[in-house]
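Residues per chain are reported as follows:
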Amino acid sequence: MPKFDFHFYKSSIFIVALSAILYILGNFLIPLYNGLSVTIVEHIQSLFLLFMFGYTYHYAKSVKNHKSLYEFWIWTIFWWFMLFGRGISWGRDFFPEVPRFYYKIIAGIVMGIPFLTLFLPTIRQEIARRYQYEQVPVWHILFAFLFLGIADIAEHHRIGHQLLVLSHERKDLIEELMEIPCLLCLALTTFYMQKNEQKRLNSPC
């Protein structure tokens, strides 16, 4: 069984504070500019996902001598790229004139790679090992799911929508802003795993 780390880190406090600030900014202070603000937030998210893609690849190269670790982090790169692809609607945001059929093919390929590579024995074994022996940052993961759910509430008008989105025209902006803490929590989880991994690799025992 995994070892649960319930410590409430400073980064967790930062996530809570940031989400409150984004809620206030999104509902009261950020002008919409006919959707331009939403587009800017989306592009910031995409740049962040590209950064995590590059950062994770750089880290993977640092553990290249450890085959299972290297392949695991290459596998996570596919997930970052999938999130990036989804964020830009698989390229449709930049080339809207291209028929949607081609973007469905792109989406199928990009989404299929991280799922299909789960069948690789090395990946499955490394996931099982991490599940059994590695520490799990509970608050990072909990907040990632929480803010994903909050963004979904804003997007699909679920229960509590009226408290989250105070004016209908700000629905898309609130949705995108609430995805930011979710993505940050995924990144914090990645950093947490890599930090513990480096401690283990550098341990003399």
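The shown structure was predicted, so the numbers you read here are calculated from the model rather than taken from an experiment.

*Asks:* For the overall build of the protein chain, give the residues involved together with the corresponding values.
*Replies:* Counting its regular elements, the protein chain contains 8 helices and 2 strands. Helices (α) and strands (β) of the protein chain occur, in sequence order from the N terminus, as β-α-α-α-α-α-β-α-α-α. For the C-alpha atoms alone, the extent of the protein chain along its principal axes is close to 55 × 45 × 25 Å. Here the protein chain, with 205 residues, has 39% of them falling under the buried criterion. Nonlocal contacts in the protein chain, meaning residues at least 24 apart in sequence, comprise 77% of its contacts between residues at least 6 apart. Surface accessibility of the protein chain: about 12400 Å² in total, with carbon and sulfur atoms responsible for 70%. Of note, the protein chain has its 18 positive side-chain charges centred 9 Å away from the centre of its 15 negative side-chain charges.

*Asks:* Break down the packing of helix α2 (residues 36-62) against helix α3 (residues 67-87) for me, with residues and values.
*Replies:* At a minimum axis distance of 9 Å, the contact between α2 and α3 shows a crossing angle of 170°. In terms of their interaxial angle, α2 and α3 are classed as roughly antiparallel. On α3, the residues that touch Ser-46, Leu-49, Leu-50, Met-52, Phe-53, Thr-56, Tyr-57, Tyr-59, Ala-60 and Lys-61 of α2 are Tyr-70, Trp-73, Ile-74, Thr-76, Ile-77, Trp-80, Phe-81, Leu-83, Phe-84 and Gly-87. Along the lines of polarity and charge, the residues of the contact of α2 with α3 split into 15 nonpolar, 4 polar and 1 charged.

*Asks:* I'd like to hear about the nonpolar core, residue by residue, with values.
*Replies:* In this structure, Phe-147, Leu-164, Ile-174, Leu-177 and Met-178 are the most contacted members of the largest nonpolar core, which totals 19 residues. Listed by contribution, the elements that provide at least two residues to this core are α1 (10-29), α2, α6 (138-156) and α8 (171-202). Leaving out residues up to four positions away in the same chain, Ile-174 has contacts with Tyr-23, Gly-26, Asn-27, Ala-154, Leu-164 and Val-165. Of all hydrophobic cores here, the second largest spans 8 residues; its members include Val-63, Trp-73, Trp-75 and Ile-123.

*Asks:* Give a description of the packing of aromatic side chains that names residues and reports values.
*Replies:* Under the definition given, this model contains 16 aromatic pairs. Geometrically, the ring pair formed by Phe-4 and Phe-6 is tilted, given 6.2 Å between the ring centres and 45° between the ring planes. Owing to a relative accessible area of 55%, Phe-6 belongs among the exposed residues under this scheme. Here the aromatic rings of Trp-79 and Phe-115 are separated by 5.1 Å at their centres, their planes lie at 70°, and the arrangement is edge-to-face. In this pair, Trp-79 sits in helix α3 while Phe-115 sits in helix α4 (residues 100-116), placing the two residues 36 residues apart along the sequence. Residue classification places Phe-115 among the partly exposed positions, given a relative accessible area of 42%. Feature note: the residues Tyr-59, Phe-72, Trp-73, Trp-75, Trp-79 and Phe-115 constitute an aromatic cluster, connected by ring pairs.

*Asks:* Please provide a residue-by-residue account of α4, values included.
*Replies:* With 17 residues, α4 extends 24 Å between its outermost C-alpha atoms, agreeing within 8% with the 24 Å of an ideal straight helix rising 1.5 Å per residue. Every buried residue belonging to α4 is among Tyr-103, Ala-107, Val-110, Gly-112 and Pro-114, and all of these are buried.

*Asks:* Lay out the packing of α3 against helix α5 (residues 121-133) in plain terms, naming residues and giving numbers.
*Replies:* The contact between α3 and α5 brings their axes to 9 Å, and the two run at 95°. The orientation of α3 relative to α5 falls into the category roughly perpendicular. In this structure, α3 uses Lys-67, Ser-68, Leu-69, Glu-71, Phe-72, Trp-73 and Trp-75 to contact α5, whose residues at the interface are Thr-122, Ile-123, Glu-126, Ile-127, Arg-129 and Arg-130. Here the residues of the contact of α3 with α5 are counted per class, giving 6 nonpolar, 2 polar and 5 charged.

Conventions used here
Residues numbered from 1 in each chain as written. Predicted model: local features only at pLDDT ≥ 70, side-chain atom pairs only at ≥ 80, totals over all residues. Heavy atoms only, no water. Helix = DSSP H or I, 4+ residues; strand = E, 2+ residues; numbered from the N terminus. Buried < 20%, exposed > 50% of the residue type's maximum accessible area, 1.4 Å probe, protein only. Contact = heavy atoms within 4.5 Å. Areas by Shrake-Rupley, 256 points an atom, 1.4 Å probe, with all protein chains shown as cover. Lys, Arg positive; Asp, Glu negative; His and termini not counted. Charge placed at Lys NZ, Arg CZ, Asp CG, Glu CD. Axes fitted to C-alpha atoms, helices over the stretch in contact; angles between N-to-C directions. Parallel < 35°, antiparallel > 145°, perpendicular 65-115°, else oblique. Nonpolar A, V, L, I, M, F, W, Y, C, P; charged D, E, K, R; others polar. Core = buried A, V, L, I, M, F, W, Y, C linked by side-chain atoms within 4.5 Å. Phe/Tyr/Trp six-rings, centres within 6.5 Å; stacked < 30°, edge-to-face > 60°. Expected span 1.5 Å × (residues − 1).

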